[in-house]
Amino acid sequence: MKQVVQVLAAAIKGLRLYSLDHPATRKQVQTLQDGLFGLLQHKQKIKMGLLEGTLFIEDHLFIQEFPAASELAGLLESRALSGIEFHAGLSATELQILLNTLYAGELKGRAFAEALESNQVEKIKAFTPQDDEEEEDGQPRKVYRKALKVVDQIFTDVRMGQIPSSTEALKVVKSMARLTLTEPHALFALSMLKDYDNYTFTHSVNVSVISLAVGRACGVSEQDLRILGLGGLLHDLGKLKVDVKIITKPGRLTEIEFEEIKQHPTFGAEIIQEMEGVTQEVMDIVLCHHSRYDRKGYPLLENDRNLSRLVDMTAIADSYDAMTTLRSYQRPLTPRGAINRLREVAGTFLNPDYVTSFIVSLGPFPVGSLVRLDTNEIGLVTKVDAKDPSLADIKLLFDPSGDLVRETTYRYIRPTGTCRIVAEVDPVTKGMDVADFLD
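1. Brief notes about the confidence of the model for the chain
So, step 1. On average, residues of the chain carry a pLDDT of 89, and 97% of them reach 70 or more.
So, step 2. When mean pLDDT is compared element by element in the chain, helix H18 (residues 352-362) scores highest at 97, while helix H6 (residues 129-134) scores lowest at 66.
So, step 3. Here residues 134-138 scores under 50 on pLDDT; set against residues more than four positions off or in separate chains, the count is 2 contacts.

Spelled out as structure tokens, the structure:
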């Protein structure tokens, strides 16, 4: 994604020196087309856009300093655009028209989008902020991206020695809680997105999302869901006070290093105690998410200390996301593999009743599972029924011969359906990341 951003920024700047038909420009267009083709191999479309002034491609936020991303963000803002969508099959001519329209700078907003359409550009779409307000289909992704941005700002405030504001966090958590109640698996599916360049941010957001799913499965109120969501966003804030070399160490930690890691819940609680809107239950989540169900974890608690039940729900979410995430020292578990692991540690590490409720809500093959059908096709579970999680929508990825499916096709697991799931497939064996195939 960085390469595409860099080439696009360079191609636009190159128009200051060369015309569209100059060999140097044509070469950059070809490089850009190749880069986009690589991203579009597994998707019908990808979107590049702005979230509060920060460039993103799909769910990758360019949070860290990257000049090309900053240049493109500024360019989109100056053209009154919120984003550009690239569709599979785009041509070099369409890219040339886009580059020229961006460089010229005469057209802005809706006029820019209409100019692309009038020039028969079918595979590239431009969006304005007004379009985004009217677009409802992308709401879960918009909320997810917003949560990433909120966490980034909170972490930045802490690094700068400032007391983080909870205002935006409370707003986004409210949206997340409502989505969990209305579209429970839509937001949960996005927790399969693992941005390894920004692991700290995505883990915090994913734990928040999964905590909401656990809370919904356990029947908590919307108010408690908001507490869970906020606690998840803030649960690892204390790691900012731990030596980054320890946090990013690829191998096993020494005893001394582990003792330092064990301080992060206490550090986190100290940070958030000065934030507005942080309740005692949120404090409990941050301080005690590693306390374990048997309370033999860390930090050690007084025997008569009563914790909010939301602590144990967050612990399940933290475990599930960690289990399903690729790390330098760990191969990720599949969703079913993670479920089996949750069962193994229920009763000691995790609350067994909450684990059971969570597993039931996920269904036999949770969203994000790669599965083989009795037709020998392989697909991705993209949705399960909220009332009956055994019913699922499967996006086909491989046909019975093992060839990648080019046209978007679905199979539906229904009581009267013509196909059924026979096994889970480990994505690692197929050399793929299922997040690339999520709609």
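After that view of the structure, there is still more to cover.
2. Let's talk about the sheet that holds strand E1 (residues 45-51)
Neighbouring strands of a sheet are bound in pairs by backbone hydrogen bonds; such pairs are parallel or else antiparallel.
So, step 1. Overall, antiparallel pairing links the 5 strands, which are arranged E3-E2-E1-E4-E5 in an open sheet. In this open sheet, the two strands that pair with only one neighbour each are strand E3 (60-61) and strand E5 (124-127).
So, step 2. Pairing of strand E4 (residues 83-87) with E5 involves 4 bridges; the strand directions are antiparallel. Within E5, the residue paired with Ile 84 across the bridge is Ala 126.
So, step 3. Docked against the sheet, helix H3 (residues 67-78) engages E1, strand E2 (54-57) and E4, running at close to 80° with respect to E1.

3. A short note on the nonpolar core
So, step 1. Counting residues in hydrophobic clusters, the biggest one holds 94 residues, and the most contacted among them are Leu 234, Ile 272 and Phe 358.
So, step 2. Ranked by residues supplied to this core, first place goes to helix H7 (residues 139-159) with 9 residues.
So, step 3. Core analysis: the second largest hydrophobic core is formed by 39 residues, Met 48, Leu 81, Ala 113 and Ala 126 among them.

4. Overview of the pattern of salt bridges
So, step 1. With the rule as written, the count across this model stands at 16 salt bridges.
So, step 2. A salt bridge links Lys 13 to Glu 71; the nearest nitrogen and oxygen atoms lie 3.6 Å apart. Here Lys 13 is found in helix H1 (residues 2-14), whereas its partner Glu 71 is found in helix H3, with 58 residues between them in sequence.
So, step 3. Under the relative-accessibility criterion, Glu 71 is labelled partly exposed at 37%.
So, step 4. A salt bridge links Arg 341 to Glu 344; its shortest N-O distance comes to 2.9 Å. Of this pair, Arg 341 and Glu 344 are both found in helix H17 (residues 335-345), 3 residues apart, which corresponds to roughly one turn of the helix.
So, step 5. Taking relative accessible area as the criterion, Arg 341 reaches 37% and is therefore assigned partly exposed.
So, step 6. Linked through salt bridges whose partners overlap, the residues forming this network are Lys 146, Glu 168 and Lys 171.

5. Notes on the environment of Lys 395
So, step 1. Along the chain, the position of Lys 395 falls in strand E8 (residues 392-398).
So, step 2. Remark: the alpha-carbon pair of Lys 395 and Lys 249, spanning 146 residues in sequence, is separated by 37 Å.
So, step 3. Here the side chain of Lys 395 touches Phe 437 through a polar contact of 3.0 Å, landing on its backbone oxygen.

6. Examining H3
So, step 1. Taking 1.5 Å as the rise per residue, H3 with 12 residues should run 16 Å; its terminal C-alpha atoms sit 17 Å apart, in good agreement.
So, step 2. Here H3 has its buried residues at Ala 68, Ala 69, Leu 72, Ala 73, Leu 75 and Leu 76. The buried residues of H3 occupy an angular sector of 165° when projected down its axis, which confines them to one face.
So, step 3. On its buried face, H3 sits against H1, E1, E2, E4 and helix H4 (92-104).

7. Observations concerning helix H5 (residues 110-118)
So, step 1. Among the residues making up H5, those that are buried are Phe 112, Ala 113, Ala 115 and Leu 116. In an axial view of H5, the angular spread of the buried residues amounts to 155°, which keeps them on one side of the axis.
So, step 2. Looking at the buried side of H5, the elements it contacts are H4 and E5.
So, step 3. One or two positions beyond H5, positive phi appears at Gln 120, with a value near 60°.

So, how was this worked out
Residues numbered from 1 in each chain as written. Predicted model: local features only at pLDDT ≥ 70, side-chain atom pairs only at ≥ 80, totals over all residues. Heavy atoms only, no water. pLDDT = per-residue confidence, 0-100. Helix = DSSP H or I, 4+ residues; strand = E, 2+ residues; numbered from the N terminus. Contact = heavy atoms within 4.5 Å. Pairing = 2+ DSSP bridges. Axes fitted to C-alpha atoms, helices over the stretch in contact; angles between N-to-C directions. Core = buried A, V, L, I, M, F, W, Y, C linked by side-chain atoms within 4.5 Å. Buried < 20%, exposed > 50% of the residue type's maximum accessible area, 1.4 Å probe, protein only. Salt bridge = Lys/Arg side-chain N within 4 Å of Asp/Glu carboxyl O. Polar contact = N/O pair within 3.5 Å; in protein donor to acceptor, adjacent residues only side chain to side chain. Expected span 1.5 Å × (residues − 1). Arc of directions from axis to C-beta.

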